[in-house]
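Each chain, written out:
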Amino acid sequence: MTAERGYGQLFHRHGNNPLLTAADWPYPAHTVFNAGATRLHDGTTLLLCRVEDRRGHSHLCAARSANGVDGWVIDREPTLRADPEHYPEELWGIEDPRITFVEELGKYVIAYTAFSRGGPGVALALTEDFRRFERCGLIMQPDDKDAALLPRRIDGSFALLHRPMTDSGAHIWISFSPDLRNWGGHKLLLQARKGGWWDANKVGLSPPLVETSRGWLMLYHGVRQTAAGCLYRLGVALFALDRPERCLLRGDSWIFGPEAPYEREGDVGNVTFPCGYTLGADGDTINLYYGAADTSIALATGSIRELLHWLDEHGEA
Ligand code: BMA
């Protein structure tokens, strides 16, 4: 672990950052950011990128690369467009996908934000190949976002993390379902810390949870409102494998935040917003794909072992 201003550095930015920008797109695009990520069965890295057009509406577009860094092959047309005619909750676009491969279904489940008059809500779509999609529609009504499914059932139920807005604030919840359509058993998982903390004002899940031998590792974004606008940074926490609502450890400080020029400046400056990761062949390296300043897609790499070690030193239950 290298150090920066006396703090250990857990994630290292790739030298090619930003990896993808609107200038790479094969059709008109204003910005590309907040991509879901997965590794396909043949080893290809697939990013499902949020693409915003000049109306201000977003759709999703797949970019594929053999090494997850360069040589991206981008779909010639939007891969998943909003379909407000059949799904009115998608009137103003679809955003911020998180991808989970579910062995039991043999399918990838994409949780995304569907944006409409009622506000942002959580929708699900299933796919085997990122070419054809089967929508489940809206599963969490507005205002709710930052959702991802766990890769397997917990006690017989599918489990979804999400971030409803409630009178008490923007906290992370978990809900359970027998069939991906009916949801209940809602439990509060992680709260915004309030006061002077870096994650005082809002928290939300960033990429899907990472399953480790010690528990579910969560990377979450914490928002601090300042006189100059919001700061979006990343924190880490660990939850029990058999009872994911039980927090084992939560780190005190943020571990990654906007510092590079492409993270500081853009449509929404001072935002680092990961929606996906892939794991290296060693089972320890984590490649985190994040939206930078709501304008481009960047990569930072870390080690799960180091993240857990850091939590032991800097975390509390
Ligand atoms: C959040 C989400 C993200 C976005 C971020 C910063 O609320 O809407 O899509 O990247 O704000 O604008």
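The rules behind each value
Residues numbered from 1 in each chain as written. Predicted model: local features only at pLDDT ≥ 70, side-chain atom pairs only at ≥ 80, totals over all residues. Heavy atoms only, no water. Pairing = 2+ DSSP bridges. Helix = DSSP H or I, 4+ residues; strand = E, 2+ residues; numbered from the N terminus. Axes fitted to C-alpha atoms, helices over the stretch in contact; angles between N-to-C directions. Contact = heavy atoms within 4.5 Å. Near = heavy atom within 4 Å. Polar contact = N/O pair within 3.5 Å; in protein donor to acceptor, adjacent residues only side chain to side chain. Nonpolar A, V, L, I, M, F, W, Y, C, P; charged D, E, K, R; others polar. Buried < 20%, exposed > 50% of the residue type's maximum accessible area, 1.4 Å probe, protein only.

(A) Representation of the sheet that holds strand 10 (residues 119-127) within the structure. Pairing within the open sheet is antiparallel, and its 4 strands lie in the order 8-9-10-11. Of all strands in the sheet, those with a lone pairing partner are strand 8 (94-102) and strand 11 (133-140), marking the two edges. Going from strand to strand, the sheet's axes swing by 25° on average, the running direction of each strand aside. With 9 bridges joining them, strand 9 (residues 107-116) and strand 10 adopt antiparallel strand pairing. Counterpart to Tyr112 in the pairing with strand 10 is Ala123.

(B) Here's a closer look at the sheet that holds strand 22 (residues 272-279). In spatial order, the strands read 3-24-23-22; together these 4 strands make up an open sheet with antiparallel pairing. What marks the edges here is a single partner per strand, and that holds for strand 3 (12-13) and strand 22. Where strand 22 lies against strand 23 (residues 285-292), 7 bridges are found, and the strand directions are antiparallel. Across the sheet, the residue bridging to Leu279 is Ile286, located in strand 23. Lying over the sheet, helix 2 (residues 304-314) contacts strand 22, strand 23 and strand 24 (296-303), oriented at roughly 70° with respect to strand 24.

(C) The site of the ligand, seen in detail. Near the ligand you find Asn34, Arg50, Asp96, Lys145, Tyr232, Val268, Val271, Phe273 and Asp294, and these make up its full shell. A distance of 2.8 Å separates an oxygen atom of the ligand from a polar atom in the side chain of Arg50. Interatomic distance of 2.5 Å between a side-chain N/O atom of Asp96 and an oxygen atom of the ligand. A class-by-class count of the residues in the shell around the ligand yields 4 nonpolar, 1 polar and 4 charged.

(D) Looking closely at the pairing of strand 15 (residues 172-177). Taking burial as the measure, the 6 residues of strand 15 include 5 buried ones, the bulk of the element. Between the end of strand 15 and the start of strand 16 (residues 184-190), which pair antiparallel, lie 6 residues, with Leu180 showing a positive phi angle near 70°.

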